[in-house]
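Chain by chain, the residues run as shown.
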Amino acid sequence: TGDLNGDGAPDMVVTARTGTALVVLLGTGDARFLPPVSYPTGGMPSGVILADMDLDGTLDVVVANRADDTVSILPGRGDGTLLPQRVFPVGSKPVAVAPVDCTQDRKPDLCIVHSGGNDVGVLVNASGVVEALTPGSIAAGAARDFQITLQGSGFAPVAVVRWNETDLPTTYISAQEIRAMVSASLVTRPGVAHVRLRNPETGLMSNALAFRVTDDAASTGALSGTITLQSIAPTAAPVPVTFTLRPNGGGNAITRTVPIGPDGRFTIASLPAGRYHLRIKGTRYLASSQTVEILPGHTLQIRALLAAGDVDGDNRIDVQDLQRLIAAFDAAASEAHFDPDADLNGDGSVDIQDLDLLMRNFDQVGTD
């Protein structure tokens, strides 16, 4: 267990020793978990641990693959999701791993227990340590490409500078210095990029330093959080959810539509600072409203629950919604009379679960 998304609630990662995947269950903080999300691993995964292997401040997942004689590292994004596995060959039948700085270079290496050879091996984290990044920021909308310089120790000649998930054109200067060119297309919006080194021979990553893309006006903030879509199926496709922010003092409304999946997480960046009446409306769901204040340079965290049953989108659940659901009842997505808006839980069919959900919310009206 560990906190994969930084919300203070413990999350859980589990494996089935006969399978080829691990499952992440994000905790809600009230002894419940969001729907499970599966990630591929090697065969017979076991001995799963959570550790910050690339020193970027977020937990990564490491698992021993007994059937494949490999270890998989799945880097964490910090939002509860994982990047695809990076696979490393090890000894015979690995069953357990532990992060230990065996080389005393301030980076975690991996000690691996092999049941096939009754021995312990070490996977050395040979990716370098980045100590300084110059420059460390730039204003959004830069007119031309620019150069960054990374300084530290243990840099390999083959190392590549990575900007978030993008490899940059890299020039090796020495074991203590590497330079790279950043395309202006990567800094069009304010935000934070994670810059690190990738060793293409091992697939390992160094620690990451933050590069800030600033807003010259310094007048925008962001909105983030969780929208709970009532009774949505774990396999449901993302639902279009519209956020409408109306300034309290009058003025033009701001509208953003974001696809939100079963985990409910979203982020909306570059919102003008101010106090707003926020209305949240999803397809098939009643609207929910609240007052929010966007502060410059800050991200406001919110939560909302959207009630399902608004088949016709008029923000009330009534006999018209019931009629449309009945007309599509017992239809699967492949059938001609299937109505996707009547599939309230998004499981690909209009059935008794959808009818029960609509009747539970019948006669409710969403907020303005």
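Note: the structure precedes this text.
Residues numbered from 1 in each chain as written. Predicted model: local features only at pLDDT ≥ 70, side-chain atom pairs only at ≥ 80, totals over all residues. Heavy atoms only, no water.

A. Summary view of the layout of surface pockets. Of the volumes computed, that of the largest pocket is approximately 1700 Å³. Forming the boundary of the largest pocket are 47 residues, of which Gly191, Val192, Ala193, His194 and Thr267 lie nearest the centre. Contributing elements (two or more residues each) for the lining of the largest pocket: strand E14 (160–163), strand E18 (191–198), strand E19 (209–214), strand E20 (220–229), strand E23 (265–272) and strand E27 (299–306). A class-by-class count of the residues in the lining of the largest pocket yields 14 nonpolar, 20 polar and 13 charged. There is about 430 Å³ of room inside the second largest pocket. Lining the second largest pocket are 20 residues, with Thr28, Leu34, Pro35, Thr228 and Pro262 sitting closest to its centre. Element by element, the count of residues in the lining of the second largest pocket is highest for E20, at four residues. When the residues that make up the lining of the second largest pocket are grouped by side-chain class, the tally is seven nonpolar, seven polar and six charged. (1 Å grid on protein atoms, 1.4 Å probe; cavity = no way out; pocket = protein on both sides within 12 Å on 5 of 7 lines; lining within 4 Å. Points joined across faces, edges and corners; volume = space filled by probe spheres on them. Helix = DSSP H or I, 4+ residues; strand = E, 2+ residues; numbered from the N terminus. Nonpolar A, V, L, I, M, F, W, Y, C, P; charged D, E, K, R; others polar.)

B. Structural context of the nonpolar core. Membership of the largest hydrophobic core comes to 40 residues, with the highest contact counts inside it found for Leu223, Ile227, Leu229, Phe243, Phe266 and Ile280. Per element, the largest residue contribution to this core is four residues, and it comes from strand E21 (residues 239–247). Dropping the residues within four chain positions of it, Phe266 is found in contact with Leu223, Ser224, Gly225, Thr226, Ile227, Phe243, Val258, Ile260 and Ile302. Ranked by size, the runner-up nonpolar core spans 19 residues in total, among them Ile148, Ile178, Val195 and Leu197. (Core = buried A, V, L, I, M, F, W, Y, C linked by side-chain atoms within 4.5 Å. Buried < 20%, exposed > 50% of the residue type's maximum accessible area, 1.4 Å probe, protein only. Contact = heavy atoms within 4.5 Å.)

C. Spotlight on the packing of helix H1 (residues 319–327) against helix H2 (residues 352–360). Taken N-terminus to C-terminus, the directions of H1 and H2 make an angle of 175 degrees; their axes are 11 Å apart at the nearest point. It follows from the interaxial angle that H1 and H2 lie roughly antiparallel. Across the interface between the two elements, Asp321, Leu322 and Leu325 from H1 touch Asp354, Leu355, Leu358 and Met359 from H2. Per-class residue counts for the contact of H1 with H2 are five nonpolar, no polar and two charged. (Axes fitted to C-alpha atoms, helices over the stretch in contact; angles between N-to-C directions. Parallel < 35°, antiparallel > 145°, perpendicular 65-115°, else oblique.)

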